[in-house]
Amino acid sequence: MRFAILSKGDITSNDIRTKMKNYLCEFDLEYDEIEPDLVISVGGDGTLLHAFHSYVHRLNKTAFIGVHTGHLGFYADWMPKELEKLIIEIAKTPFQVVEYPLLEIVIQPKNGGEEERHIALNETSVKTPEGSVVLDLEIKGEHFETFRGDGLCISTPSGSTAYNKALGGAIIHPSLESIQITEMASINNRVFRTVGSPLILPKHHTCVLKPLNDRSFFITVDHFTKTYKDVKTIQCRVAREKVRFARFRPFPFWKRVHESFIAGEQRER
Ligand code: NAD
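Predicted model, so just to flag it, every value in this text is computed and none were measured.

Structural notes on the packing of aromatic side chains
Under the definition given, this model contains 8 aromatic pairs. Plain terms: the ring middles of Phe74 and Phe253 are 5.8 Å apart, the flat faces sit at 85° to each other, and that makes the pair edge-to-face. You can see Phe74 sitting in the loop between β4 (63-68) and β5 (76-78) and its partner Phe253 sitting in helix α5 (residues 253-261), a full 179 residues away along the chain. No difference in accessibility class separates Phe74 from Phe253, as the two residues are buried. By the ring-pair criterion, three or more aromatic residues cluster together here, those being Phe74, Tyr75, Tyr100, Phe245, Phe253 and Trp254. Taking NZ or CZ as reference, Lys21 lies 4.2 Å from the ring centre of Tyr31, over its face. Positioned above the aromatic ring of Trp78 is the side chain of Arg249, whose terminal nitrogen or guanidinium carbon lies 3.6 Å from the ring centre.

A short note on a nonpolar patch on the surface
Together, Tyr23, Phe27 and Ile88 make up an exposed nonpolar region whose accessible area comes to about 280 Å². As for its placement among the helices and strands, Phe27 is situated in the loop between α1 (11-26) and β2 (30-31).

Regarding the site of the ligand
Among the 15 residues in the neighbourhood of the ligand, the closest are listed as Asp45, Asn122, Glu123, Ser158 and Thr161. Note that an oxygen atom of the ligand is positioned 2.7 Å from one of the side-chain N or O atoms of Asp45. Within the backbone of Ser158, one N or O atom sits 3.0 Å away from a nitrogen atom of the ligand. For the shell around the ligand, the elements supplying multiple residues, two or more each, are α2 (45-54) and α4 (163-166). When residues of the shell around the ligand are assigned to their parent elements, the largest contribution, 3 residues, is made by α2. Residue composition of the shell around the ligand, grouped by class: 6 nonpolar, 6 polar and 3 charged.

Thoughts on the side chain of His53
Note that His53 resides in helix α2. Engagement of the side chain of His53 in a polar contact is seen with the side chain of Asp222, the distance being 2.6 Å.

Focus: the pattern of salt bridges
What the rule picks out here adds up to 14 salt bridges. Linking Glu33 and Arg17 is a salt bridge whose minimum nitrogen-to-oxygen distance equals 3.4 Å. Of the two residues, Glu33 sits in the loop between β2 and β3 (38-43) while Arg17 sits in helix α1, which places them 16 residues apart along the sequence. Judged by relative accessible area, Arg17 falls into the partly exposed class, the value being 23%. Note that Arg237 and Glu104 form a salt bridge whose closest N and O atoms lie 2.8 Å from each other. Linking Arg237 in strand β16 (residues 231-247) with Glu104 in strand β6 (residues 96-109), this pair joins segments that are 133 residues apart in sequence. Residue classification places Arg237 among the partly exposed positions, given a relative accessible area of 31%.

Definitions and cut-offs
- Residues numbered from 1 in each chain as written.
- Predicted model: local features only at pLDDT ≥ 70, side-chain atom pairs only at ≥ 80, totals over all residues.
- Heavy atoms only, no water.
- Phe/Tyr/Trp six-rings, centres within 6.5 Å; stacked < 30°, edge-to-face > 60°.
- Helix = DSSP H or I, 4+ residues; strand = E, 2+ residues; numbered from the N terminus.
- Buried < 20%, exposed > 50% of the residue type's maximum accessible area, 1.4 Å probe, protein only.
- Lys NZ or Arg CZ within 6 Å of the ring centre and 35° of its normal.
- Patch = residues over 30% accessible without salt bridge, like charges linked within 9 Å, V, L, I, M, F, W, Y side chains within 5 Å.
- Areas by Shrake-Rupley, 256 points an atom, 1.4 Å probe, with all protein chains shown as cover.
- Salt bridge = Lys/Arg side-chain N within 4 Å of Asp/Glu carboxyl O.
- Near = heavy atom within 4 Å.
- Polar contact = N/O pair within 3.5 Å; in protein donor to acceptor, adjacent residues only side chain to side chain.
- Nonpolar A, V, L, I, M, F, W, Y, C, P; charged D, E, K, R; others polar.

This is how it looks when you write it as C-alpha cells:
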C-alpha cells in the first residue's frame, strides 16, 4: 500500500509525521505523495481539509485519516498517544472505508467565460465585505426567494457541524445524501423576505444562486476564499464524488458529535 503524510507544519506535527513515515516504511509500506492509497493528515481539521483538496482529483482512489496535534478535531480524531496503535492498524491493511457525501459548486461567469467547478468537504459560502449580498435563489429550476443580507452558506452533512452549525443550521447525518442552505443575517421586513429557516435539499435537487447587484463578493470553498465579480450563477448540488475515510475502529457520527460538542474533554475510545 502507498501512503502519504501531510503535516500542519509545526514541530509536534512534523515529528509525528517523521515517526509515522519511518515506522510505516519499516512495515514495507511505500511512501508515495503522487498516488497514495491512504493520506494521513497530522494537525487539525484545517490540515485534513488541505489534504482533501490536495488529492481531490483522485477521491475514488485515496482514503483519508486524521491525527490531531491540537484540540480534538472532527475529522482529525486520532490522538498522538494512540500513534503506535494506529501505525499497527495501518500496517495490517486492507482497511475499512466509510464514505461521506460532498458538495459540487459550479461558478458560471457572465459574458460566456469558462466555468469553474469545485468540490467542498465542508461548505461553500457566498458573502460580501461591503454592504449586503443580493441574490436570487432558485431551487430545482424554480425561483424560491430573493436573498438580501450577509450571505448564504451551503454545506455538506459532515460540514454541518462546522460553519453551518454556527449559523444555526441542523446537524445532518452523512448517510443522508443532501446539502443544507443556511442564511447569514438576512434582511427581513415588509420589502425583503426570505424563508428564514435552514433548507435541506436531497440528492439531485440543485440550487442556483444568481447575484443581482454588481458588488464584488467572496466565495469560500472550505478554507479557500476568492473574490468574484460578474458571476452569472453559482450552482450547488450533492457531488457525484464521495470522500473516503479510513476507519480502523468504530467511531459513529453521533459519538463524534457528542465528543466534539458535548463531552468537553478528550476521552479514550
Ligand atoms: P479555522 O482555523 O478558522 O478553524 C475552524 C474550526 O472549525 C476549527 O476548530 C476546526 O476544528 C473546525 N471544523 C472544521 N471542519 C469541521 C467540521 N466538519 N465539523 C466540526 N468542526 C469543524 O479554519 P480551518 O481550520 O481552515 O477550517 C475551515 C473551516 O472553518 C471552514 O470549512 C468552516 O466550516 C469553518 N468556519 C467556521 C466558522 C464559524 O464557526 N463561525 C467561520 C468560518 C469558517
